[in-house]
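Residue strings, one per chain:
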Amino acid sequence: MEPTPPTSRLSNQMGYQRIATEEAFAPPEMLDIYRKLLAHSDVDPGFKGLMGFYMSSPSARAQHIMRCLQDLDQIRLQHMDEAGIDRQVIALTAPGVQVMDKATAVSFSRLANDQLAEAVRRHPTRFTGMIAVAPQDPGEAAKEIERGVTKLAMNSVIINSHTQGEYLSDSKFWDIFAAAEAHDVPIYLHPNSLPRNMIQPFQECGLDGAIYGFGVETGLHALRIITAGVFDRFPKLQMIIGHMGEALPFWAYRLDYMHRATVASNRYESVKPLKKKPSDYLRENFYITNSGVAWEPAIKFTQSLIGVDRVLYAMDYPYQYAVEEVVAMDNMQMSAQDKKKFFQSNAEAVFKIKS
Ligand code: MN
């Protein structure tokens, strides 16, 4: 087959733009901080297994990913052109600042957001940025959300799942939810490597990473947020989860049934009645992207559960840069209207993108 010239893959001819909504970057200065953390003898095993691998592996794939992660100009734009991606919604790659000490995390989140905002100013029709925050300091995270929205024109927040084993279901973090709700910006709950107290049974069989462990841990995190009553307290708060909802759509029936049964049994102090069923919060407070899952039946099932307005396209660049997956998504048996929602309109609405 003849390779398609890059510009013809851009979607003027398709009837929709392709907006990829879970795309990653890493400032070189963050990797310097990571190198120092990785040199510690008691370094977090999940962090070591993830970034320790990517930053030191001689494999061509790892080195390529590290090069792409640090680029916010020509390499990235060329790959976008080759894959037919009109726009990337870009976030600080996992674990972002969440593996750092509190002071470093707060100051580095600002620096990373300034760098990303600068890249968006250079390429305003190609890039959209997410606001990185340091959950280690919820008050400062709330302030950074405000700064990101009002000063940097960013309209979404990235949080890379747990922060050193702590979950946003703990009310000490809820200033972050209050700020996101007040500024009407969604929080993208992206995977992180597994926390210290969870990783062993996954890592010993090589299933701790993107193959399975990330989804289990991030799905657990989203569920903890639901069952803690976060959306009863912040009903307008919106979250985004990737990887086809980290399997939660497939769990919806059992979650509803067993949550009801668990509440009725008074078995756990932590399981209190909610205003709605767990699956209602999935429908009303979550958007789901197909990052890493270019699989039509899973996309359609999720659309049927939470609605065609809540399922978005994502690639997961540069970790899963796969042009053939874009073609597969273009070829889904789906109405032109719904396909445009999936690739373009939903992302424009969620991230307040003005094209
Ligand atoms: Mn990702």
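Described below are features of the structure shown in this document.

Calculation rules
Residues numbered from 1 in each chain as written. Predicted model: local features only at pLDDT ≥ 70, side-chain atom pairs only at ≥ 80, totals over all residues. Heavy atoms only, no water. Helix = DSSP H or I, 4+ residues; strand = E, 2+ residues; numbered from the N terminus. Contact = heavy atoms within 4.5 Å. 1 Å grid on protein atoms, 1.4 Å probe; cavity = no way out; pocket = protein on both sides within 12 Å on 5 of 7 lines; lining within 4 Å. Points joined across faces, edges and corners; volume = space filled by probe spheres on them. Nonpolar A, V, L, I, M, F, W, Y, C, P; charged D, E, K, R; others polar. Buried < 20%, exposed > 50% of the residue type's maximum accessible area, 1.4 Å probe, protein only. Polar contact = N/O pair within 3.5 Å; in protein donor to acceptor, adjacent residues only side chain to side chain. Axes fitted to C-alpha atoms, helices over the stretch in contact; angles between N-to-C directions. Parallel < 35°, antiparallel > 145°, perpendicular 65-115°, else oblique. Pairing = 2+ DSSP bridges.

Here we look at the side chain of S156
Logical step 1: Mapped onto the elements of the fold, S156 is located in the loop between α7 (138-150) and β5 (157-159).
Logical step 2: Setting aside chain neighbours within four positions, we find S156 in contact with G129, M130, I131, V185, P186 and F351.

What about the layout of surface pockets?
Over the atoms, a rolled probe matching the size of one water molecule traces out where space is still vacant.
Logical step 1: Estimated volume of the second largest pocket: approximately 370 Å³.
Logical step 2: The class makeup of the residues in the lining of the second largest pocket is eight nonpolar, eight polar and four charged.

Examining helix α3 (residues 45-56)
Logical step 1: Taken together, the buried positions of α3 are G46, F47, L50, M51, G52 and Y54.
Logical step 2: Buried residues in α3 make contact with α2 (28-38), α4 (60-70) and α10 (213-227).
Logical step 3: For α3, the side-chain oxygen to backbone nitrogen distance between the N-cap and G46 is 3.1 Å, and the N-cap itself is D44.

Focus on the packing of helix α13 (residues 248-265) against helix α14 (residues 278-285)
Logical step 1: It is at 7 Å that the axes of α13 and α14 come closest, and there the two elements cross at 140 degrees. In terms of axis orientation, α13 runs oblique to α14. Touching L248, A252, L255, D256 and H259 of α13 are P278, S279 and L282, all from α14.
Logical step 2: Here the contact of α13 with α14 is built from residues that sort into five nonpolar, two polar and one charged.

A short note on the sheet that holds strand β6 (residues 187-189)
Logical step 1: Pairing within the open sheet is parallel, and its six strands lie in the order β4-β5-β6-β7-β8-β9. Here the strands that pair on one side only, and so sit at the sheet edges, are β4 (131-132) and β9 (311-312).
Logical step 2: Pairing between β6 and strand β7 (residues 239-241): three bridges, direction parallel. Counted as the bridge partner of L189 is I241 from β7.

Keep in mind that these numbers describe shape and distance, not what the molecule does.
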